[in-house]
Amino acid sequence: MSFDIDKVRADFPILSRQVNGRPLVYLDSGASAQKPQVVIDAISRAYGSEYANVHRGMHYLSNLATERYEAVRTTIARFLNAPHEDEVIFTSGTTEGINLVSYGWAAPRLQAGDEIVLSVLEHHANIVPWHFLRERQGVVLKWVEPEADGSLPAQKMLSAITPRTRLVAVTHMSNVTGTVVDVAAICRGTDVPVLVDGSQAAVHMPVDIAAIGCDFYAITGHKLYGPSGSGAIWIARDRQAEMQPFMGGGDMIRDVSRDAVSYADPPLRFEAGTPGIVNQIGLGAALEYLMDLGMENIAAHERGLRDHARARLRELNWVDVQGDAPDKAAIFSLTMQGAHAHDIATVLDKRGIAVRAGTHCAMPLMQHYGLSASARASFAMYNTMDEVDALIDGLSFCRELFG
Ligand code: PLP
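Keep in mind the model is a prediction, meaning the values are calculated, not measured.

A. Main features of the environment of Ile331. Its place among the elements puts Ile331 in strand S14 (residues 331-336). A relative accessible area of 1% places Ile331 in the buried class. Expressed as a C-alpha distance, the spacing of Ile331 and Gln200, which sit 131 residues apart in the sequence, is 10.0 Å. What Ile331 contacts, discounting residues up to four positions off in sequence, is Met173, Ser174, Asn175, Val176, Thr177, Gly178, Gln200, His204, Arg376, Ala377 and Ser378.

Here's what the structure looks like:
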């Protein structure tokens, strides 16, 4: 299917609303994306006529809900080109996925002095779970800085690996600068297990886990145009075999007695309790929608937005763009002399333009840039060239106000 931006926009009801008396220009998809009607309909259908608890019912609705829910595992595996669908573990998002790896795989295996290599580009979700291991069991965190242009060469990550390295934890795409990291080259260059945070990359480019060759790959549904509280982590079978369950409860057991417990096979072993049934069904609808549009087509459209935004931002020599690497998504972290990031976001909001201001859950990266905050414009597949221009006009207006 070809990419028809007008049709795509019409699929997202919220995009036709006004904010502060102006047409909404939504440039905060990096924080959370808007939802297409197919996702809203899937949620409504699931609750309206197909809802029951999953996996345990002997009745029609439970079987139907289980079928709908489990089908999403297959959809996710297809979306990520994952080798086996039982390697897809449902989570409430990337944060839960990475915590599962930290508690279930790393904590029982890593000892004091063992090292985890991670980049300064990481989101807190791919930092704090490793800090737990540093605080609680003396694991050493080794940080790799990005280059001046925001890029993160694979070789730089590989150079930080020593005989004590037990894990490389790296983002596939920065949520602050949009930098794309060549995670396949990192995986090719080492035998150390690699965890990839795919929260942003999976939204903006085709992901092929089989080709990347990583051990763990985390995604979060609400950025993928699906419901908040949905997501998954792909974990290679070999790594699953090394893991202990993180949470205990219903659905993840085989047998429980007073004296003993045994666990269900993966993936259920790592999915304790009643899951986010309808959230995942909504995510399935979102991924089908993305695959119908074609991730290549989406990426091509967004490259156009990136190039236009980059060119227009370069005209504004009073705006600094942090980390404007050649290979990046249409995500721009911006600062301006004389105006705080919060001022920029407030002025833009009055013009109907939604951007995020703050540290973007990436404080080590903001420290690297010597900033307490930036304003982030994060574009998505439903944005247009006119919206790029609206951002530029808004920034120019800021400049007039704040000098
Ligand atoms: N990693 C990156 C790169 C992100 O952008 C985000 C969300 O902002 C996360 C991890 C955390 O995702 P979630 O809060 O959905 O678990």
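B. The environment of His308, seen in detail. Positionally, His308 belongs in helix H12 (residues 295-315). Of the residues examined, His308 reaches a relative accessible area of 24% and is grouped as partly exposed. Between the C-alpha atoms of His308 and Ala65, which are 243 residues apart in sequence, the distance is 44 Å. Leave out the neighbours within four places in its chain, and His308 touches Met385, Val388 and Asp389. Only 2.8 Å separates the side chain of His308 from the side chain of Asp389, close enough to count as a polar contact.

C. Representation of the sheet that holds strand S4 (residues 88-90) within the structure. Spatial strand order, S4-S10-S9-S8-S7-S5-S6: seven strands in an open sheet with mixed pairing. On the outer flanks of this sheet lie S4 and strand S6 (140-144), each paired with one strand and no other. Direction aside, neighbouring strands of the sheet carry axes that sit 20° apart on average. Bridge analysis of strand S8 (residues 194-197) against strand S9 (residues 216-220) gives three bridges, and the strand direction is parallel.

D. Inspection of the pattern of salt bridges at higher detail. As enumerated under the stated definition, the model contains 23 salt bridges in all. Between Arg239 and Glu242 there is a salt bridge, and its shortest N-O distance comes to 3.0 Å. Among the residues examined, Arg239 registers a relative accessible area of 15% and is labelled buried. Put simply, Arg306 and Asp307 hold a salt bridge, and the shortest N to O gap is 3.0 Å.

Cut-offs and rules
- Residues numbered from 1 in each chain as written.
- Predicted model: local features only at pLDDT ≥ 70, side-chain atom pairs only at ≥ 80, totals over all residues.
- Heavy atoms only, no water.
- Helix = DSSP H or I, 4+ residues; strand = E, 2+ residues; numbered from the N terminus.
- Buried < 20%, exposed > 50% of the residue type's maximum accessible area, 1.4 Å probe, protein only.
- Contact = heavy atoms within 4.5 Å.
- Polar contact = N/O pair within 3.5 Å; in protein donor to acceptor, adjacent residues only side chain to side chain.
- Pairing = 2+ DSSP bridges.
- Axes fitted to C-alpha atoms, helices over the stretch in contact; angles between N-to-C directions.
- Salt bridge = Lys/Arg side-chain N within 4 Å of Asp/Glu carboxyl O.

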